[in-house]
Amino acid sequence: MPENRSVKAALALIEDPTKILGMTVGPHADVKPGQYIPKAEAQSHPTLSFDAASPSATYMVVSLDIDAPFPSFGVLGPILHWIQPGLKARNGQLEVTEPFVANYIGPAPPPGSSPHRYIFFLYEQPEGFDGRRYAPPNGQNLSNWYRMRYDLDAWEKEIGLGKVLAVNYFTSN
């Protein structure tokens with residue numbers, strides 16, 4: 001399993017209320033860190049907001065399930081659930097303005113699993129980032145093969161991401 005030091009560092013941001021990424025997941029508005037959301041209600045990507053977002057900046061969100069396939073046996077994890085570049089602050093939300101790099105997939109823990117943690121990391125998007133370079137061709141969905149054992153540290157280094165600006169997560173099974 002990749003070490004993913006940035007996951008541990010980002011989760012520590014939750015202690016600072018100004019670093020919590022605003023999320024609406026299905027019918028659940030203002031999701032609190034660790035809130036339980038049934039998987040059937042989280043199959044569409046969340047609506048995001050960040051109070052400190054600048055209207056002149058562009059942001060990117062990355063989402064991981066860090067408990068796959070089971071929280072006590074994370075040999076496949078983390079699993080990549082979403083990479084969405086091109087987020088712009090408009091009307092109090094972060095609106096999508098570019099195609100995804102990795103399409104959103106909702107929670108799908110195996111039967112009998114305890115709840116998994118689905119974490120969302122917000123970054124400022126690097127200047128000149130071209131998501132088409134990293135996305136599957138023609139807007140296709142990203143294969144599950146490329147989602148397993150996802151190395152967030154390597155992604156951050158490869159594209160020159162800075163520190164995580166905000167983070168939030170929900171649990172689901």
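Right, let's walk through the structure included here. Keep in mind the model is a prediction, meaning the values are calculated, not measured.

### With respect to the environment of Ala-108
Step number 1: Here Ala-108 is to be found in the loop between strand 6 (93-96) and strand 7 (116-124).
Step number 2: Judged by its relative accessible area of 60%, Ala-108 falls in the exposed class.
Step number 3: Each C-alpha atom, one on Ala-108 and one on Met-23, is 19 Å from the other, the two residues being 85 residues apart in sequence.

### A closer look at the pairing of strand 8 (residues 166-172)
Step number 1: The buried count for strand 8 comes to seven of seven residues, which makes it a mostly enclosed element.
Step number 2: What you see with strand 8 is no split at all: Ala-166, Asn-168, Phe-170 and Ser-172 on one side and Val-167, Tyr-169 and Thr-171 on the other are buried throughout.
Step number 3: Where strand 2 (residues 35-36) lies against strand 8, two bridges are found, and the strand directions are parallel. The residue bridging Gln-35 from the neighbouring strand is Phe-170, located in strand 8.
Step number 4: Bridge count between strand 7 and strand 8: seven bridges; the pairing is antiparallel. Counted as the bridge partner of Tyr-118 is Phe-170 from strand 8.

### Here's the deal with the packing of aromatic side chains
Within a pair of aromatic rings, the relevant descriptors are the distance that separates the centres and the angle that separates the planes.
Step number 1: Counted by the stated rule, this structure contains seven aromatic pairs.
Step number 2: Summarising the aromatic geometry, the rings of Trp-82 and Phe-120 are spaced 6.4 Å apart at their centres and angled 75° between planes, so their arrangement reads as edge-to-face. A residue pair is termed long-range when its members are at least 10 positions apart, and Trp-82 in strand 5 (residues 79-90) and Phe-120 in strand 7 qualify at 38 residues. Like Trp-82, the residue Phe-120 is buried in the burial classification.
Step number 3: Ring centres of Phe-120 and Phe-170 lie 5.8 Å apart, and the angle between their planes is 25°; this geometry places the pair in the stacked category.

### Points about the side chain of Asn-103
Step number 1: Its location among the elements puts Asn-103 in the loop between strand 6 and strand 7.
Step number 2: Note on Asn-103: relative accessible area 8%, which makes it buried.
Step number 3: Of note is the side chain of Asn-103, whose polar atom sits 2.7 Å from the backbone nitrogen of Leu-142.

### Some points on the packing of helix 1 (residues 5-12) against helix 2 (residues 152-159)
Step number 1: Taken N-terminus to C-terminus, the directions of helix 1 and helix 2 make an angle of 95°; their axes are 7 Å apart at the nearest point. Viewed along their axes, helix 1 and helix 2 adopt a mutual orientation that is roughly perpendicular. Every residue of helix 2 that contacts helix 1 at Arg-5, Ser-6 and Val-7 is listed here: Leu-152, Asp-153 and Glu-156.
Step number 2: Of the residues belonging to the contact of helix 1 with helix 2, the class tally is two nonpolar, one polar and three charged.

### Re the environment of Lys-163
Step number 1: On the secondary structure map, Lys-163 appears in the loop between helix 2 and strand 8.
Step number 2: Counting along the chain gives 147 residues from Lys-163 to Asp-16, while the straight-line C-alpha distance between them is 15 Å.

### Topic: the pattern of salt bridges
Step number 1: Using the criterion set out here, one finds four salt bridges in the structure.
Step number 2: In this structure, Arg-90 and Glu-95 form a salt bridge, with 3.8 Å as the shortest nitrogen-oxygen distance.
Step number 3: Its relative accessible area of 39% is what places Arg-90 among the partly exposed residues.
Step number 4: The salt bridge involving Asp-130 is made with Arg-132; its shortest N-O contact spans 3.0 Å.
Step number 5: Looking at Arg-132, the relative accessible area reads 68%, which means it is exposed.

Calculation rules
Residues numbered from 1 in each chain as written. Predicted model: local features only at pLDDT ≥ 70, side-chain atom pairs only at ≥ 80, totals over all residues. Heavy atoms only, no water. Helix = DSSP H or I, 4+ residues; strand = E, 2+ residues; numbered from the N terminus. Buried < 20%, exposed > 50% of the residue type's maximum accessible area, 1.4 Å probe, protein only. Pairing = 2+ DSSP bridges. Phe/Tyr/Trp six-rings, centres within 6.5 Å; stacked < 30°, edge-to-face > 60°. Polar contact = N/O pair within 3.5 Å; in protein donor to acceptor, adjacent residues only side chain to side chain. Axes fitted to C-alpha atoms, helices over the stretch in contact; angles between N-to-C directions. Parallel < 35°, antiparallel > 145°, perpendicular 65-115°, else oblique. Contact = heavy atoms within 4.5 Å. Nonpolar A, V, L, I, M, F, W, Y, C, P; charged D, E, K, R; others polar. Salt bridge = Lys/Arg side-chain N within 4 Å of Asp/Glu carboxyl O.

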